[in-house]
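Residues per chain are reported as follows:
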Amino acid sequence: MSYQVIARKYRPQVFDDVVGQRLVTDTLKNAIQTDRVAHGYIFSGARGVGKTSTARILAKSLNCVQGPTLTPCGECPSCVEIAAGNSVDVLEIDAASNRGIDEIRELRETVRYLPARDRYKVFIIDEVHMLTTEAFNALLKTLEEPPPRSLFILATTEPHKLPATVLSRCQHFAFRLLDYGEIFARLEQVCRAESVEADEGSLAAVTLAAEGSLRDALSLLDQVMAACGTKLEETKVRQMLGVVPLELLRAVTEAIHAADAPRVLEMVDRLSSEGYELTHFAGEYVRFVRNLMVARSCGAESPLLQVPGDERQALAELAQLFGEEDLTRFFQILLRTEGELRYSLEPRFHLEMGLLKLVHARRLVPLESLLSEFRGLPQTGKPGSGAPRPPAPSNAPAASPARKPEAEPPRRLAPAPPEEPSATAAPVSAAPPADDRLASIKAALFEQKKLLSSCLDHLSGWRFENGEVRFLFAKDASFFADLLRSREQLDTLRSVCGQVLGQAVKICVTLDEGNGAPVAAGPKARDRAERDPAVEAFRKRFDCIMADVKDLSQE
Ligand SMILES: Nc1ncnc2c1ncn2[C@@H]1O[C@H](COP(=O)(O)OP(=O)(O)O)[C@@H](O)[C@H]1O
Ligand SMILES: [Mg+2]
Ligand SMILES: [Zn+2]
């Protein structure tokens, strides 16, 4: 007998053989039992998760000589022909290659005849989203008035591309991707049936490479069996599949923990010289960090972990080196890096940059802990009573007993917490630096060009950052913005601002877009904000100025 590919050889033949789609199969079984099979079904889901198999099982269940039944015999002519895909009454149409109106017309023609032999005429249309609009319309007519004893099963990987009219005529089943355990177990089963010896590591590598598709898993198994024979060897399997060795992923993670940037760069160099595809590595590392995150939050035994049993403990221990927040941040950075890598002409640079970001991300103080400094402050009243608390250490949430003590405390990118504000500070008389500077600018301008100075009375806000002075005007004050924008006026502004601020500056005049952007608040609100101890603490902590005040009480 000729060689039959594993994926086809192990196609499920009854509902209970279908792995991981219980929701679908139970509903279909119930429909058969209660004689309530619909006229149209949509089976959506990724490739290789059981859509076609389930469609054929449904067809067999209805048309088996012993049927309708939940367990088609698999031996009668109907069952045999359906399984082989050549039944006269069960037609499989690939919409990807028969997209047009002619095929659907032909189909509508066929639909009108009763089944030649079986109980039902079944049409399985694969990749149905590929049909042309015309063809869809023709199909819709049939779905609207389905001939008796006809059944349409529309399979698609992209259900969102189906017209609403078609969706609404059919019962929709979404097939899910299979999880690690489901694929692994099926591979084990198939290996046993094929008398192939396979260790856990080999099957784990195949499982991970399949990314949720059982067909892909079985096709990959076919390939590694062809290379390894009846005994699968982990190293060979990993090599074939281009799976990055776990040690390497672990080593990169440890280098990041040690904040050892040179070592991280060396590793990228090694990956590159050993011929790994860096995009592929990034994908693997995203998955690895995702698992660390799960291990850190849910523990080593979590079913959400996509790793073989014997690696769980090591992974969980590694995860304990980091805070949940670190890992979440790593994950975000890596996802972005992976995306960039795909389109990059210099994937190596992007990978290096991404990994270095991880090294540095560990040293950032979490925003929450900075903000918590201000939360304790009273809303109004006595300033100085709420001294800012020092921030919590960067990545040690209370529940990380296994965390190793660090030789050197994590350095902070944000400045150190300020001295406790003295209780005698007089906040009202101490003019805020922001307005001080604007007032000085206005005053200096008034000396030179009164018109310019009065334009600034209509500002909705201003900022001074990174050597740039930005004047903001509300839309209805655009007239003043336009006045400031001439070359001559800008020159004057630049020189005056430069003098007042004590450095060369760029000038930028922009309109406040209004949508969510700060609205100029009345002097009262500004006054209140100036006195607010939380604002004061913020200003000191971040060495910033209060550029705009938005009066929320007026919304
Ligand atoms: N849920 C599943 N249970 C068991 N085997 C499956 C499943 N999904 C896919 N397979 C395997 O993959 C092959 C292709 O599956 P198929 O039903 O054609 O997938 P789809 O139509 O979703 O692309 C099957 O022959 C079978 O070996
Ligand atoms: Mg299919
Ligand atoms: Zn049968």
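Residues numbered from 1 in each chain as written. Chains lettered and ligands numbered in written order. Predicted model: local features only at pLDDT ≥ 70, side-chain atom pairs only at ≥ 80, totals over all residues. Heavy atoms only, no water.

## Some remarks on the coordination of the zinc ion (ligand 3)
Quick reminder of the rule: Only N, O and S atoms count as donors, using a 2.8 Å limit from the metal and a wider 3.2 Å limit for Na, K and Ca, and since water is excluded some coordination spheres may look unfilled. Each label reflects the angles at the metal, where four donors whose angles all fall between 85 and 135 degrees are tetrahedral, four or six donors whose opposite pairs open beyond 155 degrees and whose other angles stay between 65 and 115 are square planar or octahedral respectively, and the rest are irregular. Think of it in three bands: residues with accessible area under 20% of the maximum for their type are buried, residues over 50% are exposed, and the middle band is partly exposed, with areas taken using a 1.4 Å probe on protein chains only.
The coordination sphere of the zinc ion (ligand 3), as far as protein atoms go, consists of Cys64 (SG), Cys73 (SG), Cys76 (SG) and Cys79 (SG), spread over 2.2 to 2.3 Å. Relative to the metal, the four donor atoms surrounding the zinc ion (ligand 3) lie at angles of 102 to 120 degrees, and the coordination shape comes out tetrahedral. Read in sequence order, the donor residues for the zinc ion (ligand 3) give the motif C-x8-C-x2-C-x2-C. Given a relative accessible area of 25%, Cys73 falls into the partly exposed group. Looking at Cys76, the relative accessible area reads 9%, which means it is buried.

## A closer look at the sheet that holds strand β3 (residues 121-126)
Definition in use: Only strands that DSSP links by at least two bridges are regarded as paired with each other. Each helix is a run of H or I in the DSSP string that is no shorter than four residues. Each strand is a run of E no shorter than two, and both are numbered from the N terminus. Simply put, an axis is a line fit to the C-alpha atoms, just over the touching stretch for a helix, and the angle between two N-to-C directions goes from 0 to 180 degrees. Whether two residues are in contact is decided by their heavy atoms: any pair within 4.5 Å suffices.
In space, the five strands of this open sheet follow the order β2-β3-β4-β1-β5, with parallel pairing throughout. Two strands close off the open sheet at either side, each with one partner strand: β2 (90-94) and β5 (171-174). Ignoring strand direction, the axes of neighbouring strands in this sheet form an average angle of 15 degrees. Pairing of strand β1 (residues 40-44) with β5 involves four bridges; the strand directions are parallel. Across the sheet, the residue bridging to Phe43 is Phe173, located in β5. Its contacts with the sheet put helix α5 (residues 101-111) on β2, β3 and β4 (150-156), and the angle it makes with β3 is roughly 165 degrees. Across the face of the sheet, helix α6 (residues 133-144) comes into contact with β3 and β4 while running at roughly 140 degrees to β4.

## A look at the packing of aromatic side chains
Short version of the rule: Centres within 6.5 Å are what make two rings of Phe, Tyr or Trp a pair, Trp counting through its six-membered ring; a difference in plane orientation under 30 degrees is then read as stacked, over 60 as edge-to-face, and the rest as tilted.
Per the stated rule, a full pass over the model turns up ten aromatic pairs. Taking 5.0 Å as the distance between ring centres and 15 degrees as the angle between the ring planes, the aromatic pair formed by Phe123 and Phe152 counts as stacked. Here Phe123 is found in strand β3, whereas its partner Phe152 is found in strand β4, with 29 residues between them in sequence. Residue Phe152 is classed as buried on the basis of its relative accessible area of 0%. In this structure an aromatic cluster arises from ring pairing among Tyr41, Phe43, Phe173 and Phe175.

## Considering the pairing of β2
Cut-off, in case you're wondering: We call a crossover right-handed when, viewed with both strands directed away from the observer, the connection leading from the first strand over the helix to the second proceeds clockwise.
When β2 meets β3, the two strands line up parallel, connected through five bridges. Following the sheet pairing, Glu92 is matched in β3 by Ile124. As a crossover connection, the stretch from β2 through α5 into β3 is right-handed.

## Notes on the site of ligand 1
So the rule is basically this: A molecule or strand has a residue near it when one of that residue's heavy atoms lies within 4 Å. By the criterion applied in these results, polar contacts are pairs of N or O atoms within 3.5 Å in which, for protein atoms, one can donate a hydrogen and the other can accept it, and in which residues neighboring in sequence qualify only through two side-chain atoms. Method for areas: the Shrake-Rupley scheme with a 1.4 Å probe, in which residue coverage is limited to the protein chains shown. All the domain ranges listed were derived from an automatic or database domain assignment.
In the vicinity of ligand 1 lie 19 residues, with Ala7, Val19, Gly48, Thr52 and Ser53 positioned nearest. Within the backbone of Tyr10, an N or O atom sits 3.2 Å from an oxygen atom of ligand 1. Contacts to ligand 1 include Arg215, whose side-chain N or O atom sits 3.0 Å from an oxygen atom. Contact with the protein chains removes 97% of the 550 Å² of surface that ligand 1 exposes when unbound. Each of domain 1 (6-174) and domain 2 (180-241) accounts for three or more of the residues forming the shell around ligand 1.

## A look at the confidence of the model for the protein
The following threshold applies: The quantity known as pLDDT measures the predictor's confidence residue by residue, on a range of 0 to 100.
In the predicted model, the protein carries a mean pLDDT of 82, and the fraction of residues at 70 or more is 85%. Note that residues 379-432 has pLDDT below 50 and, in this model, 64 contacts with residues that lie over four places away or in other chains.

## Focus: unusual backbone geometry
Cis geometry is adopted by the peptide bond preceding Pro68, which originates at Gly67 and carries an omega value of -10 degrees. Examined against the element boundaries, Pro68 turns out to sit in the loop between α3 (51-63) and α4 (77-84). The residue Ala259 is not glycine, and still its phi comes out positive at about 55 degrees. Relative to the helices and strands, Ala259 resides in the loop between α12 (246-257) and α13 (261-273). We classify Ala259 as partly exposed; its relative accessible area is 30%. Positive phi outside glycine occurs at Asn466, with the angle close to 45 degrees.

## Some points on the packing of helix α9 (residues 200-210) against helix α10 (residues 214-228)
Threshold: Any angle that is under 35 degrees is reported as roughly parallel, and any over 145 degrees as roughly antiparallel; angles of 65 to 115 degrees are reported as roughly perpendicular and all others as oblique. Two helices crossing with the near one rotated counterclockwise from the far one by less than a right angle form a left-handed crossing, whereas a clockwise rotation gives a right-handed crossing. Just so you know the grouping, Ala, Val, Leu, Ile, Met, Phe, Trp, Tyr, Cys and Pro go in nonpolar, Asp, Glu, Lys and Arg go in charged, and all remaining residues, Gly too, go in polar.
Between α9 and α10, the least distance of the axes is 8 Å, while the angle of their chain directions is 135 degrees. The orientation of α9 relative to α10 falls into the category oblique. Every pair of crossing elements has a handedness; the one defined by α9 and α10 is right-handed. The segment α9 lies against α10, with Val206, Ala209 and Ala210 engaging Asp216, Ala217, Leu220, Leu221 and Val224. In terms of residue class, the contact of α9 with α10 is built from seven nonpolar, no polar and one charged.

## Some details on the packing of α13 against helix α17 (residues 347-361)
For any two helices packed against each other, the geometry comes down to the angle between their axes and how far apart the axes lie. Across the interface, α13 lies against α17 with an axial gap of 10 Å and an inter-helix angle of 150 degrees. Relative to α17, the element α13 lies roughly antiparallel. Regarding α13 and α17, the two cross each other, and that crossing is right-handed. Packed against α13, whose contacting residues are Ala261, Val264, Leu265, Val268, Asp269, Leu271 and Ser272, the element α17 presents Arg348, Leu351, Glu352, Leu355, Leu356 and Val359 at the interface. Taken together, the residues of the contact of α13 with α17 sort by class into nine nonpolar, one polar and three charged.

## Details of the nonpolar core
Note the cut-off: Among buried residues, those of type Ala, Val, Leu, Ile, Met, Phe, Trp, Tyr and Cys that are joined through side-chain atoms within 4.5 Å constitute a nonpolar core.
Ile256, Tyr285, Leu351 and Leu355 are the most contacted members of the largest nonpolar core, which totals 43 residues. For this core, the secondary-structure elements that each account for two or more residues are α12, α13, α14 (278-298), α15 (309-319), α16 (324-342) and α17. It is α14 that contributes the most residues to this core, eleven residues altogether. In contact with Ile256, other than residues within four places in its own chain, are Val264, Tyr285, Phe330, Leu355, Leu358, Val359 and Arg362. Formed by 27 residues, the second largest nonpolar core is a distinct cluster that contains Val206, Ala210, Val224 and Met225.

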